[in-house]
Amino acid sequence: MRFRAKIVDLACLNHFSRIINTIAKLARTCILRLTVCKLYFILSDKVANGGASMWCELCQGNFFDEFQMEGVAAEHNEIYLELAPENLSRALKTAQNAKAVKMKLTNKHCPCLRVAVELPSLSSSSRIVTHDIPVGVIPRRMWNDFREPSVPDFDVSIYLPALKTMKSVVERMKNLGNFIVIEANLSGEMNLKIETDLVSVTTHFKDLGNPPWATEDGCQSSARGRDLESMVEVCIDIKKLQQLLAGQQVNPTKALCNIVRKRIVHFILLHEEVSLQYFIPAIA
């Protein structure tokens, strides 16, 4: 099992760094799955136990100048590592104007992901700062626990308003209660609501638009023949939503959410070569 990679392009490095920062805000520990073409960052708290889950996918060719890996076996050419994304985020913070960053899987006293940052220096020799990030190697028999979460058959799919706007609304609302109701319809309308014994506050968003699949046959069996104005709602933990919005550095070109009535809300953030999915279960 071997892995080594290198990033030279500064724009790619900064972009990669921002993605890792976002992931570090969403997960204390996560699984890094390496394949020949892609990297995946996976958080699979059991949704049944009220945990959120995350699936972030990036094409290595858009970030790395060199990328070599050999998986656990020829027919299973993948590597699954458990790590704390905060450690990787900290290592990359030292690389803001680096000449290159190399990553390598090593095993001295324990398995580590070694991040070597080559910094520019005034003399001819360059300075190299090395970070060894401890990782756990996930055995092959457990890989199935980290498959891509299936997207539930949703009742409504809608584009999100500007995430900065949504973030400031949610930050104000979180002082009023622990739970937030998200409701949306097939006419591009979405409301964020807080309802407690003392206060009821609603923020309305209009003309957001619904993704093309929202009303197509088959994909949206539940939407057929339904009133386009009628709202579908889900109540979730406001802290989990705030965490997603506060940590957001992917700057998505498209952001949308799918709602399964009273069960789950599924966020999808897309930015060219990165997709981040985040699932927040409903509060029963």
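Just above sits the structure.
Residues numbered from 1 in each chain as written. Predicted model: local features only at pLDDT ≥ 70, side-chain atom pairs only at ≥ 80, totals over all residues. Heavy atoms only, no water.

A. Focus on unusual backbone geometry. One non-glycine residue, lysine 262, lies in the positive phi region at around 60°. Positionally, lysine 262 belongs in the loop between strand S16 (254–260) and strand S17 (264–271). By relative accessible area, which is 63% here, lysine 262 ends up exposed. (Helix = DSSP H or I, 4+ residues; strand = E, 2+ residues; numbered from the N terminus. Buried < 20%, exposed > 50% of the residue type's maximum accessible area, 1.4 Å probe, protein only.)

B. Examining helix H2 (residues 85–93) more closely. Turning to H2, its buried residues are Pro85, Leu88, Ser89, Ala91 and Leu92. Considered in projection along H2, the buried side chains sweep an arc of 160° and stay on one side of the axis. Buried-residue contacts for H2 involve helix H1 (10–26), strand S2 (30–34), strand S6 (79–83), strand S7 (100–107), strand S8 (111–119) and strand S9 (127–134). (Arc of directions from axis to C-beta. Contact = heavy atoms within 4.5 Å.)

C. Main features of the sheet that holds strand S3 (residues 38–44). Pairing within the open sheet is antiparallel, and its nine strands lie in the order S10-S6-S2-S3-S4-S18-S17-S16-S11. Since the sheet does not close on itself, it has two edges, and those belong to strand S10 (136–137) and strand S11 (156–159), each with one partner. Note that S17 and strand S18 (residues 274–281) share eight bridges and pair antiparallel. Paired with phenylalanine 267 across the two strands is tyrosine 278, which belongs to S18. Contacts from helix H4 (residues 238–246) reach S17 and S18 within the one sheet, and its direction differs from that of S18 by about 170°. (Pairing = 2+ DSSP bridges. Axes fitted to C-alpha atoms, helices over the stretch in contact; angles between N-to-C directions.)

D. Local environment of the sheet that holds strand S15 (residues 232–237). Strand order across the open sheet formed by four strands is S14-S13-S12-S15, with antiparallel pairing between neighbours. Each end of this open sheet is capped by a strand with a single partner; those strands are strand S14 (200–205) and S15. Pairs of neighbouring strands in the sheet enclose a mean axial angle of 20°, with direction left out of account. In this structure, strand S12 (residues 179–184) lies alongside S15, joined through six bridges in antiparallel fashion. Note that in S15 the partner of glutamate 183 across the bridge is glutamate 233. Here helix H3 (residues 163–173) sits on the sheet in contact with S12, strand S13 (190–195) and S14, set at roughly 15° to S13. Sitting on the sheet, H4 is in contact with S12, S13 and S15, with an inclination near 85° to S15.

E. Up close: a positive patch on the surface. The grouping of Arg4, Lys102, Lys104 and Lys108 at the surface amounts to a positive patch. As for its placement among the helices and strands, lysine 108 is situated in the loop between S7 and S8. (Patch = residues over 30% accessible without salt bridge, like charges linked within 9 Å, V, L, I, M, F, W, Y side chains within 5 Å. Areas by Shrake-Rupley, 256 points an atom, 1.4 Å probe, with all protein chains shown as cover. Salt bridge = Lys/Arg side-chain N within 4 Å of Asp/Glu carboxyl O. Lys, Arg positive; Asp, Glu negative; His and termini not counted. Charge placed at Lys NZ, Arg CZ, Asp CG, Glu CD.)

F. Up close: the packing of aromatic side chains. Tallying each qualifying case throughout the model produces six aromatic pairs. On the basis of an interplanar angle of 25° and a centroid distance of 4.5 Å, the ring pair of tyrosine 80 and tryptophan 143 is categorised as stacked. Separated by 63 residues along the polypeptide, tyrosine 80 in strand S6 and tryptophan 143 in the loop between S10 and S11 bring together distant segments of the chain. Residue class for tyrosine 80 comes out buried when judged on its relative accessible area of 1%. Counting every residue linked through ring pairs, the aromatic cluster contains Phe3, Phe16, Phe63, Phe64 and Phe67. (Phe/Tyr/Trp six-rings, centres within 6.5 Å; stacked < 30°, edge-to-face > 60°.)

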